[in-house]
Amino acid sequence: MGDRDTPATPTPTSGTDARAKVLGWARRSIDLIPTPWLLGGLAAVALATTAGFGGLATAPAEPTPQIEIGEPFAAADLTMTVLGVSLVDEPGYAALYPDQEAGERILAIEAEVVNTYREPRPSVDGSVLSPVVDGIRITSLGGAAVETVEFDASDDEAAADYSSHRGVGTPPAISRADDGTGSPMLQPDVPTRVLIAWIVADGEVEPGEEITLTLPDSTRYTGTSVVDGDYWWDVEVGATVTTTVEETMP
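Everything numeric here is computed off the predicted structure, so don't read it as measured data.

Here is what the cut-offs are and how they apply
Residues numbered from 1 in each chain as written. Predicted model: local features only at pLDDT ≥ 70, side-chain atom pairs only at ≥ 80, totals over all residues. Heavy atoms only, no water. Pairing = 2+ DSSP bridges. Helix = DSSP H or I, 4+ residues; strand = E, 2+ residues; numbered from the N terminus. Buried < 20%, exposed > 50% of the residue type's maximum accessible area, 1.4 Å probe, protein only. Core = buried A, V, L, I, M, F, W, Y, C linked by side-chain atoms within 4.5 Å. Contact = heavy atoms within 4.5 Å. Salt bridge = Lys/Arg side-chain N within 4 Å of Asp/Glu carboxyl O. Polar contact = N/O pair within 3.5 Å; in protein donor to acceptor, adjacent residues only side chain to side chain.

## Quick look at the sheet that holds strand β6 (residues 137-141)
Right, on to step 1. Across the sheet, 5 strands lie side by side as β1-β12-β11-β6-β7; this open sheet has mixed pairing. Of all the strands in the sheet, just β1 (66-67) and β7 (144-145) have a single pairing partner and so form its edges.
Right, on to step 2. Pairing between β6 and β7: 2 bridges, direction antiparallel. Paired with Leu141 across the strands is Ala144, a residue of β7.

See below:
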């Protein structure tokens, strides 16, 4: 057989050169994009694509637990048990001083609280959304919603009512039920009976009325820079208790 001529290797055309240069530039450009930006862009594309098919499915919210009088509720390193709600004339250990001549009385919740955290915790936080015992609030009374009162330093009368716990929309006063100690510390794993109380005006609350309370839940975080140690944040309603107001303490 005779020798065959080896075909010459084709020389890339100018169009091939141009495409190779563009692809190389694109690869180098992608390499320069920070990974979080790239992932964010991909996520945006995914969301846009999902939107074309009706969007992301929203997980149904879990209903807030409704518990009974005497039923323990454990959340955020506390176990709280509401024992009763009463309307009384004498302050007793509630550490409040109603104007009895004006017809003021005391609305008191008796509860047992156990601190299940490894260190002592205060029963009072003082914030509007408290993660501890003073985070127990009244949300409904006699079938009507109770509006939360916020501190207003520009209004002397409103500020005084807020600080003295006058009205069911203000934060409650917390005291020990056995000796009246105000804002007691909660020792680890020690059951503590407390009174959660408000001063109410004549006719503001009536015996036999239905009352709904909310118990707080929150998330424990550990500080790593600005905040040192553990703290509780993201306060939300953990459970509700609906009962009736009694005339005397249970």
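Picking up after the structure, the text goes on.
## Quick look at the pairing of strand β12 (residues 229-244)
Right, on to step 1. By the bridge criterion, 2 bridges tie β1 to β12 in an arrangement that is parallel. Its bridge partner being in β12, Gln66 is matched across the sheet by Thr240.
Right, on to step 2. In terms of strand pairing, strand β11 (residues 210-223) meets β12 through 13 bridges, oriented antiparallel. Directly across from Thr222, in β12, lies its bridge partner Asp230.

## Considering the pairing of strand β4 (residues 105-115)
Right, on to step 1. Burial within β4 is extensive, with 10 of its 11 residues counted as buried.
Right, on to step 2. Direction of pairing for strand β3 (residues 78-88) relative to β4: antiparallel, over a ladder of 10 bridges. Bridged to Val85 within β4 is Ile109.
Right, on to step 3. Bridging between β4 and strand β10 (residues 192-200) involves 9 bridges; their strand directions are antiparallel.

## Points about the nonpolar core
Right, on to step 1. In this structure, Leu107 and Ile196 are the most contacted members of the largest nonpolar core, which totals 32 residues.
Right, on to step 2. Breaking this core down by element, the ones donating at least two residues are β2 (73-75), β3, β4, β6, β10, β11 and β12.
Right, on to step 3. Here the element with the most residues in this core is β3; it accounts for 5 residues.
Right, on to step 4. For Ile196, the contacting residues outside a window of four places in its chain are Leu107, Ala108, Ile109, Ala111, Val133, Ile136, Pro172, Ala173 and Ile174.
Right, on to step 5. Core analysis: the second largest hydrophobic core is formed by 9 residues, Ala94, Ile106, Leu195 and Ala197 among them.

## A few points about the pattern of salt bridges
Right, on to step 1. Summed over the entire model, instances satisfying the criterion amount to 10 salt bridges.
Right, on to step 2. With a closest N to O distance of 2.7 Å, Asp89 and Arg105 form a salt bridge. Linking Asp89 in the loop between β3 and β4 with Arg105 in strand β4, this pair joins segments that are 16 residues apart in sequence.
Right, on to step 3. On the basis of relative accessibility, which here comes to 40%, the residue Asp89 falls in the partly exposed class.
Right, on to step 4. Notably, a salt bridge pairs Arg220 with Asp230, separated by 3.9 Å at the nearest N-O pair. Linking Arg220 in strand β11 with Asp230 in strand β12, this pair joins segments that are 10 residues apart in sequence.
Right, on to step 5. For Arg220, a relative accessible area of 38% puts it in the partly exposed group.
Right, on to step 6. Beyond isolated ion pairs, a larger network of salt bridges with shared partners links Asp77, Arg118, Arg220 and Asp230.

## Topic: helix α3 (residues 156-163)
Right, on to step 1. Among the residues of α3, the N-terminal cap falls to Asp155, whose side-chain oxygen and the backbone nitrogen of Glu157 are separated by 3.2 Å.
Right, on to step 2. Just downstream of α3, His165 is the residue with a positive phi angle, here 65°.

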